Every structure is written in structure tokens, then in C-alpha cells.
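Residue strings, one per chain:
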Amino acid sequence: MRGLLASSIGVTCAAALALPLAPPAFAAAAAASPAVAAPVPAAPLGEAAAARARVAAPDSPRTPPSVPSVPGVRTVPDAPAVPAVPDASAVPDVAGSTRSLPLVPLVRNRAVGGATAEQGLPRRTVAGFSLLGVVWDDPHAELRGRVQVRTRAAGTDTWSDWRELEPDGADHGADPDSPEAASGRVRGGTAPLWVGPSDGVEVRVRPEAADRSAPGTRSQAVQPGLPEGLRLDLVNPGTAPSVPAAGRHLPVTGTAHGRLAALSPLRSAGTLDVPDEASTVVTPAVLSAQSAAASAANADLAPIGATDIPALDRSRTVSELLSLRGAELTEAQRAKPYIGPRPRIVTRRGWGADEKLRERKFVYTKKVKAAFVHHTVTGNTYKCSQAPSLIRGMYRYHVKSMGWRDIGYNFLVDKCGNIYEGRAGGVSKPVMGAHTLGFNTNSTGIAVIGTFGSSKPPAAAVKAVAKLTAWKLGLYGANPKGRTYLTSGGGNLYRKGKKVRLHVISGHRDGFATECPGRQLYGKLGSARSTAARLQGR
């Protein structure tokens, strides 16, 4: 598949030339929508507070474990594809940190033989953070109880009310027996919670009271208890590095100029015209090898170093589809392709991903037959300008705290309708995610940032889900209003190997017994399906 070559041979050439390569559709792109506002910096880390917290292991490039291959899953190394940049050492790493605080006994319960009935942390001052979660050692252990936190806004004496953390570690993650799940690094954990810049925290974890088995069965007391190794992880997402603009006209010379000039009338006379509203572009010379590889995975859609992939109208999207996947389409699909206009997508570069955190390889499945919609359960108090920071926090939490290879979702959508690239590997490609345990193969995961059990999702977010699925599913010939069969990888609803008929656009709860994506967002999926189908021209 031509698209999969972007992170290998073609990328090496592009990086070596040190100039942006793009397909005809990019050159003919209409003006992009307004860029996402700059992220709000996280609270600075205080030295005294930092001394009271245990710093997680130093960040370093993730090396995947040696595990057997899985049928239908393709692993593509990223680092060898892009040569190291000579001056990469001069580029500062993205700031950020994860600090772990072991929970301690708060109350002793003599009724259970002195076992700890409640764990937590008394109110304390800590180093600055913006996102938190509680994790434990065994990813298969279930936390039966309530996890509550309250935090103090940075630089103030104002404490929040108690807030609940969702103990949903079993809901998400890599499929059972997959290389990612078998890495030995995966841990159990709650959903992360965004609290904004903070420097104080208090935690309590209360186990459920002893109960009895269901009526009609042999009565057996269930002892209260909590998983081993409970700890609070405080995440400072840091600030995204500044992205220097290369100017409205990027120099294009030599043979490469001849190739580009033949693609579009917008490219001429040794320059590449970039619309004023288009993505800010940097040359590969300012990217680390990992950042260049992640960016190059989208080289068919935008220049290397782009902070966003601009929107296209439908006719240009169809042209792009025929260019990228024409050889894989049937004659009928080529004659009348059903695909929605490509929406604007903020790249990992755009939201400030620290590429050295993730594993270096990209992992692909065969195709995309379905999209699972999620909510992040991180709360709804964030501003859209904070979304990049929030995503950096989730990314760090998924990798450093939960032990995943990368952020779990393939895409994220904020309350203003901005769409963000999630797991690395290319937004047009069938990247294997860790979003719907048991159904990560041949699917994509879209997370709407927020909590939508009782709160209604913003109309802009629902519309963005429809636009994204109309395009992404259209690349693989899927009908948003249709149904498809996926094979379960194992979960709490369907046994491993069972073929399950699902909506092409499904909620997380359709593949796993969970509340996700929340009652209110789940109720909007019918509307998203209809809108996506209409955008595809059905």
C-alpha cells in the first residue's frame, strides 16, 4: 500500500532533501480553518515541592519488547526510515514530567482483620501538575471502590471539591495476547482527570463494603480490598516547543522542484506557495529523528514538520483518494467513490507530542472497518486553548503511567470541534490503537475530550466526529450508516474469536461492558452516522 511507504523509503528521500513533499491535494488545499490557540503553560515545578515527590524513570525512547508477530498486524520501524539530523541535539526536548506518590493507609478496619480499608494521601503541597490518575501494579486487578481527589489551584489557597476518578483501566487498552499487552510494562489505572495547573492534592480510595453473591447462588462474602501498589501519578504536560515558521514561500530547488512543479499550478518558479491560514511548517533540520518519522507518516497529506493537515473540499479529497488508494479500489468505487471532505487535523507536531516517550515502531492493522467513539472522562472544565496541553498529559499518562506503547486513541476531538492526530503512524493509515479492548484490530478509535454521562456533548464536537468518520471510513469504503463484522480479541462482552456484527460507527460500550462514551454522547451517534453518510455522498 502506497500510504504505508511514507515512513520508510519515500520518507528517507524526503528527509534527505530537507524540503516538504506533499501530494497534489495539499497544494490545492483551500485555506485551513483557524489554528488552535496556543496551549496554556502548566504550573512551574517548585524545587521544594519536587523534593517531596518521587520522579518517574527518566524519559527515554521506548524500545518494544521481543514478542511474536500477530496475524494481520504489521509493525513498521520508524527510526531507521529517517536519518538523524546533525543539529537535533540543539533542539530542546518537550518539557513535562510524571511524579508518582505511593498511597498510604488512612483508616484501619478491625472488621476485616486489620486490612487497609482506605488508602490515600493527606492534603499536601506538590510540584506543579495539570492532570492526575491513580495506578496499580496488576493490569488485570479490578479496583472495587471509589477514588476521589481534590486539588489546589496553582499559586492560590483555593481547593476544589472532591471529584471522582473513573476506575476504567479494564475498559481501554491493547487486546489480550497482543504484543502491546504482553510487554510486561502494562499497569492498571483509573481514567486520568484534567484539573488545570495545580500545586496541591488530597486523595482517598475507599473499597466497596463486603457484599454477598447474587440471589439463588451459594452465599459467599466478598472481602473488601484494593489492588497492590496503589499510587497517585501527577502529570505536568509541559509546554509545546515553539515551531519556527519557514515563511510563506519555501525554497524548492533542483530535481525535487521539477517533481513538485508538475503536480500543481500553485507551485511555480522555485517556490511553494503556502496559504496564509495554512499550517506552520518547519524544515526537517529542526526535527529529531523520532519527530521527523512521526511527521513523515503523513507525508502524503502535508509537508514534513507541518503542525496541521489542512482541510480539502470533496473533489480534491476524491482526487487524493484515487492517488493514495486507487489501486486497491474496485472499478465501481473508482467510478463513484463515497468519501467525505478531508477535515483539518492538528498533527502530533501541532499539539506538541514528545516523540521520545512512545515506542519507536508503528503498528498497523489491515484496514479500517469501524470507528469506536469514546469520551475521555477527563472532565469538561478545560478551555479549547488548553486541549493540546490536555492531550500531552493523556499521552504521557497512557505511556508512562499505564505502560502503553503510545497514546491509546487514534484521534481526539475537543469541545470546539478541533480534530487531533492521536497514535503515531499516519492519519490516513490503519494504525493499531489501544482504545476498545478486544476490538482494536481493523478499527479506529475517536475520543471526544470530556465527560458525557449527564452532560450533553457540544454540537461542534459531534459534527467533527461525523466529518472525521466520513473521511476516514471513506478511505476504506465503509458506509457510516451500515454494519460490519469484527472478530473479538477477547473481552467482557464477547469471547475471543467470536465474530460480532457492529455498527460501522459504534460506541465503546458496543464492544465492551462500560459506560463509555457516556449516555449523552452515545445518544448522538445516530446523528453522527447520518451526517457522515451524507458527507460521503450517500
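Keep in mind that this is a model prediction, so the values were computed, not measured.

Participant: Any chance you could explain helix α6 (residues 314-325) here in plain terms?
Facilitator: In an α-helix, one turn spans 3.6 residues, which is why side chains three or four residues apart end up on the same side. Given a rise of 1.5 Å per residue, twelve residues ought to cover 16 Å, and the 16 Å separating the end C-alpha atoms of α6 matches this to within 8%. Of the residues making up α6, those classed as buried are Thr-317, Val-318, Glu-320, Leu-321, Leu-324 and Arg-325. Each buried residue of α6 sits inside an arc of 160 degrees when the element is viewed along its axis, so together they form one side.

Participant: How should the packing of aromatic side chains be read in this particular structure?
Facilitator: To describe a pair of aromatic rings, one takes the distance between the centres and the angle between the planes. On inspection of all chains with the given rule, the structure shows three aromatic pairs. Relative to Phe-439, the ring of Phe-372 has its centre 6.1 Å away and its plane inclined at 35 degrees; by these criteria the two rings are tilted. Linking Phe-372 in strand β17 (residues 370-375) with Phe-439 in the loop between β19 (419-421) and β20 (443-448), this pair joins segments that are 67 residues apart in sequence. In this pair, the class of Phe-372 matches that of Phe-439, namely buried. Relative to Tyr-494, the ring of Phe-439 lies with its centre 6.0 Å away and its plane at 85 degrees, an arrangement referred to as edge-to-face. Residue Phe-439 is found in the loop between β19 and β20, and its partner Tyr-494 is found in the loop between β21 (483-487) and β22 (499-503); the two are separated by 55 residues along the sequence.

Participant: Is there a simple way to think about the environment of Arg-74 in this case?
Facilitator: With respect to the helices and strands, the residue Arg-74 is situated in strand β2 (residues 74-77). Under the relative-accessibility criterion, Arg-74 is labelled partly exposed at 42%. Measuring from C-alpha to C-alpha, the distance between Arg-74 and Lys-366 comes to 7.8 Å, with 292 residues separating the pair along the chain.

Participant: How should I be thinking about the environment of Gly-511 in this particular structure?
Facilitator: With respect to the secondary-structure elements, Gly-511 resides in the loop between β23 (505-507) and α11 (519-522). By relative accessible area, Gly-511 is classed as buried at 2%. Setting aside residues up to four positions removed in sequence, Gly-511 forms contacts with Phe-372, Leu-437, Phe-439, Leu-493 and Tyr-494.

Participant: Just checking my understanding: could you explain the pattern of salt bridges for this structure?
Facilitator: It is possible for side chains bearing opposite charge to pair when their charged atoms get close. Throughout the structure, instances matching the rule amount to 18 salt bridges. In this structure, Arg-342 and Glu-320 form a salt bridge, with 2.4 Å as the shortest nitrogen-oxygen distance. You can see Arg-342 sitting in the loop between α7 (331-335) and β15 (345-346) and its partner Glu-320 sitting in helix α6, a full 22 residues away along the chain. Residue classification places Arg-342 among the buried residues on the basis of a relative accessible area of 1%. Three or more residues are tied together by salt bridges with common partners; here these are Arg-348, Glu-355, Arg-358 and Asp-406.

Participant: For this particular structure, what's the right way to read the pairing of β17?
Facilitator: Burial analysis of β17 places six of its six residues in the buried class, which makes it a mostly covered element. Side-chain alternation along β17 places Ala-370, Phe-372 and His-374 on one buried face and Ala-371, Val-373 and His-375 on a second face that is also buried. With six bridges joining them, β17 and β20 adopt parallel strand pairing. When the bridges of β20 are listed, His-374 appears paired with Ala-447. By the bridge criterion, three bridges tie β17 to β23 in an arrangement that is parallel.

Participant: What is the right way to read the state of the cysteines from this model?
Facilitator: Put plainly, a disulfide is one covalent bond tying together the sulfur atoms of two cysteines. Overall, the coordinates contain one disulfide when judged by the stated rule. Disulfide pairing is shown between Cys-384 and Cys-416; the S-S distance is 2.0 Å. Measuring handedness by torsion sign, the sulfur bridge of Cys-384 and Cys-416 sits at about 95 degrees and is right-handed. Taken together, the residues span a long stretch of sequence, with Cys-384 in the loop between β17 and α9 (387-401) and Cys-416 in the loop between β18 (411-413) and β19 at a distance of 32 residues.

Participant: How do you make sense of the environment of Ser-130 when you look at a structure like this?
Facilitator: Looking at the element boundaries, Ser-130 is found in strand β5 (residues 116-136). Looking at Ser-130, the relative accessible area reads 1%, which means it is buried. Here the alpha-carbon distance between Ser-130 and Gly-393, two residues 263 residues apart in the chain, equals 7.6 Å.

Participant: What should I look at first to understand unusual backbone geometry in this one?
Facilitator: If a residue is not glycine, its phi is most likely negative; likewise, a peptide bond is most likely trans. Omega for the peptide link from Cys-516 to Pro-517 comes to 10 degrees, which places this bond in the cis form. Note that Pro-517 resides in the loop between β23 and α11. Non-glycine residue Val-377 carries a positive phi angle of around 60 degrees. For Val-377, the location among the structural elements is in the loop between β17 and α9. Val-377 sits in the buried class, given a relative accessible area of 13%. In this model, Asn-442 sits at a positive phi of 60 degrees, which is unusual for a non-glycine residue. Checked against the element boundaries, Asn-442 lands in the loop between β19 and β20. By relative accessible area, which is 16% here, Asn-442 ends up buried.

What counts and what doesn't
- Residues numbered from 1 in each chain as written.
- Predicted model: local features only at pLDDT ≥ 70, side-chain atom pairs only at ≥ 80, totals over all residues.
- Heavy atoms only, no water.
- Helix = DSSP H or I, 4+ residues; strand = E, 2+ residues; numbered from the N terminus.
- Expected span 1.5 Å × (residues − 1).
- Buried < 20%, exposed > 50% of the residue type's maximum accessible area, 1.4 Å probe, protein only.
- Arc of directions from axis to C-beta.
- Phe/Tyr/Trp six-rings, centres within 6.5 Å; stacked < 30°, edge-to-face > 60°.
- Contact = heavy atoms within 4.5 Å.
- Salt bridge = Lys/Arg side-chain N within 4 Å of Asp/Glu carboxyl O.
- Pairing = 2+ DSSP bridges.
- Disulfide = S-S within 2.5 Å.

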